[in-house]
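Descriptive analysis of the structure
Each chain is listed here by its residues.
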Amino acid sequence: YDLTMFLLVLLVVLCFQMATIEAGKQRTSKDWSKLTEKDWDRIEEEWETPEEKEEYAFRPPEKTGINMEELQALQKAGGAKNKKKIKEMIEESQVPQSGP
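Residues numbered from 1 in each chain as written. Predicted model: local features only at pLDDT ≥ 70, side-chain atom pairs only at ≥ 80, totals over all residues. Heavy atoms only, no water.

What follows is about the overall build of the protein chain. When helices and strands are tallied, the protein chain shows six helices and zero strands. The N-to-C order of helical and strand elements in the protein chain reads α-α-α-α-α-α. Each of the 100 residues in the protein chain was classed as buried or not, and the buried ones make up 8%. For the protein chain, the accessible area works out to roughly 9500 Å², and carbon and sulfur atoms hold 59% of it. (Helix = DSSP H or I, 4+ residues; strand = E, 2+ residues; numbered from the N terminus. Buried < 20%, exposed > 50% of the residue type's maximum accessible area, 1.4 Å probe, protein only. Areas by Shrake-Rupley, 256 points an atom, 1.4 Å probe, with all protein chains shown as cover.)

All told, the structure shown has two salt bridges when counted by the stated rule. Between Glu46 and Arg42 there is a salt bridge, with the nearest N and O atoms lying 3.2 Å from each other. With a gap of four residues between them, Glu46 and Arg42 both fall in helix H3 (residues 37-47), about one helical turn apart. Between Lys53 and Glu45 there is a salt bridge, with the nearest N and O atoms lying 2.9 Å from each other. (Salt bridge = Lys/Arg side-chain N within 4 Å of Asp/Glu carboxyl O.)

Glancing now at the packing of aromatic side chains. Summed over the entire model, instances satisfying the criterion amount to one aromatic pair. Plain terms: the ring middles of Trp32 and Trp40 are 5.6 Å apart, the flat faces sit at 20 degrees to each other, and that makes the pair stacked. Using a relative accessible area of 36% as the deciding quantity, one classes Trp32 as partly exposed. Exposure remark for Trp40: the relative accessible area of 36% places this residue in the partly exposed category. (Phe/Tyr/Trp six-rings, centres within 6.5 Å; stacked < 30°, edge-to-face > 60°.)

A cluster of nonpolar residues, Tyr1, Met5, Leu8, Val9, Leu11, Val12 and Val13, forms a patch on the protein surface that exposes about 730 Å² of accessible area. Inspection of the secondary structure puts Tyr1 in the segment before helix H1 (2-23). (Patch = residues over 30% accessible without salt bridge, like charges linked within 9 Å, V, L, I, M, F, W, Y side chains within 5 Å.)

A word on the packing of helix H5 (residues 68-77) against helix H6 (residues 80-94). Axes are the key here: two packed helices are described by the angle between their axes and the distance separating the axes. For the pair H5 and H6, interaxial distance at closest approach is 9 Å and the crossing angle is 155 degrees. When the axis of H5 is compared with that of H6, the two are roughly antiparallel. Crossing angle aside, the handedness with which H5 passes H6 is left-handed. In contact with Glu70, Leu71, Leu74, Gln75 and Ala77 of H5, H6 contributes Asn82, Lys85, Ile86 and Met89. (Axes fitted to C-alpha atoms, helices over the stretch in contact; angles between N-to-C directions. Parallel < 35°, antiparallel > 145°, perpendicular 65-115°, else oblique. Left-handed = near helix turned anticlockwise from the far one by under 90°. Contact = heavy atoms within 4.5 Å.)

Below, the discussion takes up H6. Helix length check: H6 (15 residues) gives 22 Å between terminal C-alpha atoms against 21 Å at 1.5 Å per residue, within 8%. Taken as a whole, H6 has its buried residues at Asn82, Ile86, Met89 and Ser93. In an axial view of H6, the angular spread of the buried residues amounts to 60 degrees, which keeps them on one side of the axis. Exposed and oriented more than 90 degrees from the buried face of H6 are Ala80, Lys81, Lys83, Lys84, Lys87, Glu92 and Gln94. (Expected span 1.5 Å × (residues − 1). Arc of directions from axis to C-beta.)

Below you can see the structure in the form of structure tokens.
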């Protein structure tokens, strides 16, 4: 009975070691190239935390637009100072705002 138990424990230990060796096996370029899109999605899900997912999620840039009433008022008033403000307003309206 002792010998059987010893062999069983030895078999379990050897199986565990083989599993850990196989799991820790380094992948080659060939291995990585064989991964499908589904595999990459699974890997991404395993590695990415919910905070990272939120942080790296695609968010299209938001344009703020331009206040036409203010622009028209500045154009009517004229003057070099107002022309500079008009130019700045237009430039700022064309720069997309980044994320949160």
